[in-house]
Amino acid sequence: ENNRIVGNAYIQIKPTKDITFRTSYGVDYLNTDNKNFYTKLQGDGFSLGGTAFSTLSKDKRWTLTSTLQYDKSFGSHSVNMLLGVEQQRSTFEGFGLTRQTLSDDFFTVIQGGFNTPLTAGLGLGENYLASKFGRINYDYKKKYYISGSVRNDGYSAFAAGKKFGNFYSYSAGWDLSRENFWSKG
């Protein structure tokens, strides 16, 4: 059985016609409950004298993102700039039980009549991601384009001294279909 909640809410403010501030918060919660029973008379439980297992796990993640965007067109030029920060926290908790060697065929659930209890599905974890990023886009006459971005991520699950990284990208484009030499003449 799985129960999941996924949601997102945001607030967006435009203090001027060119500037947009946006903050969003999202969650993804997943609770899983697995229960299995295998009889000792046949199938998967036969070689173990019957077996059952039950696990319960909780996965939780939230993400908070804030951005500030500037959009401006003047004459044949357009500029778009974005600055942002993002935080994400993920947690996991899991526990369970496996039982083997059924003592009485009457029992068909994990709670009754097994001689060998074992742990299963044990886990506990948490990690955190923190990011800063920026992007700039420029175009001239909607036919020549330049774009660049940078991002700095820090992740708690990485080794000491290697928790942060910088990521860069850039591009240039030319929309040939907007050139006069393509027009029928």
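Preceding this paragraph is the structure being described.
Every value quoted in this text rests on a predicted model; they were computed, and no experiment measured them.

Student: Looking at this structure, I do not really get the pattern of salt bridges. What am I missing?
Tutor: Note that side chains of opposite charge can pair when their charged atoms are close. Scanning all chains against the criterion turns up nine salt bridges. One salt bridge connects R4 with D28, and the closest N-O pair in it is separated by 2.8 Å. Here the residue R4 occupies a position in strand β1 (residues 2-13), and D28 occupies one in strand β2 (residues 19-38), the gap between them amounting to 24 residues. Residue class for R4 comes out exposed when judged on its relative accessible area of 52%. The shortest N-O distance in the salt bridge between K35 and D33 comes to 3.6 Å. On the accessibility criterion, D33 (24% relative accessible area) is partly exposed. Among the charged side chains, a network of salt bridges with common partners joins E86, R151 and D153.

Student: Explain the packing of aromatic side chains to me, please; I cannot follow it from the model alone.
Tutor: Two numbers describe a pair of aromatic rings. These are the distance of the centres and the angle of the planes. Applying the stated criterion to the full structure yields five aromatic pairs. An aromatic cluster of at least three residues, connected via ring pairs, comprises Y25, W62 and Y128. Taking the ring centre of Y10 as reference, the NZ or CZ of R22 above it sits at 3.8 Å. For the cation-ring pair, K60 lies above Y29, with the distance from its terminal atom to the ring centre recorded as 5.7 Å.

Student: Would you mind going over unusual backbone geometry with me for this structure?
Tutor: Among all residues except glycine, the phi angle is most often negative; among peptide bonds, the trans geometry is most common. Residues other than glycine seldom take positive phi values, yet K141 does so here, at roughly 60°. Judged by relative accessible area, which is 43%, K141 ranks as partly exposed. A positive phi is found at K142, a non-glycine position, where the angle reads about 55°. One can find K142 in the loop between β6 (123-140) and β7 (144-155).

Student: What am I meant to see in the environment of H77 here?
Tutor: Mapped onto the elements, H77 comes out in strand β4 (residues 77-102). The exposure class assigned to H77 is partly exposed, which follows from its relative accessible area of 26%. Along the chain, H77 and I136 lie 59 residues apart, while their C-alpha atoms are 13 Å from each other. Residue contacts for H77: discarding those within four places in its chain leaves K72, Y138, D139 and Y140. One polar contact links H77 to Y138, side chain to side chain, over a distance of 2.5 Å.

Thresholds applied
- Residues numbered from 1 in each chain as written.
- Predicted model: local features only at pLDDT ≥ 70, side-chain atom pairs only at ≥ 80, totals over all residues.
- Heavy atoms only, no water.
- Salt bridge = Lys/Arg side-chain N within 4 Å of Asp/Glu carboxyl O.
- Helix = DSSP H or I, 4+ residues; strand = E, 2+ residues; numbered from the N terminus.
- Buried < 20%, exposed > 50% of the residue type's maximum accessible area, 1.4 Å probe, protein only.
- Phe/Tyr/Trp six-rings, centres within 6.5 Å; stacked < 30°, edge-to-face > 60°.
- Lys NZ or Arg CZ within 6 Å of the ring centre and 35° of its normal.
- Contact = heavy atoms within 4.5 Å.
- Polar contact = N/O pair within 3.5 Å; in protein donor to acceptor, adjacent residues only side chain to side chain.

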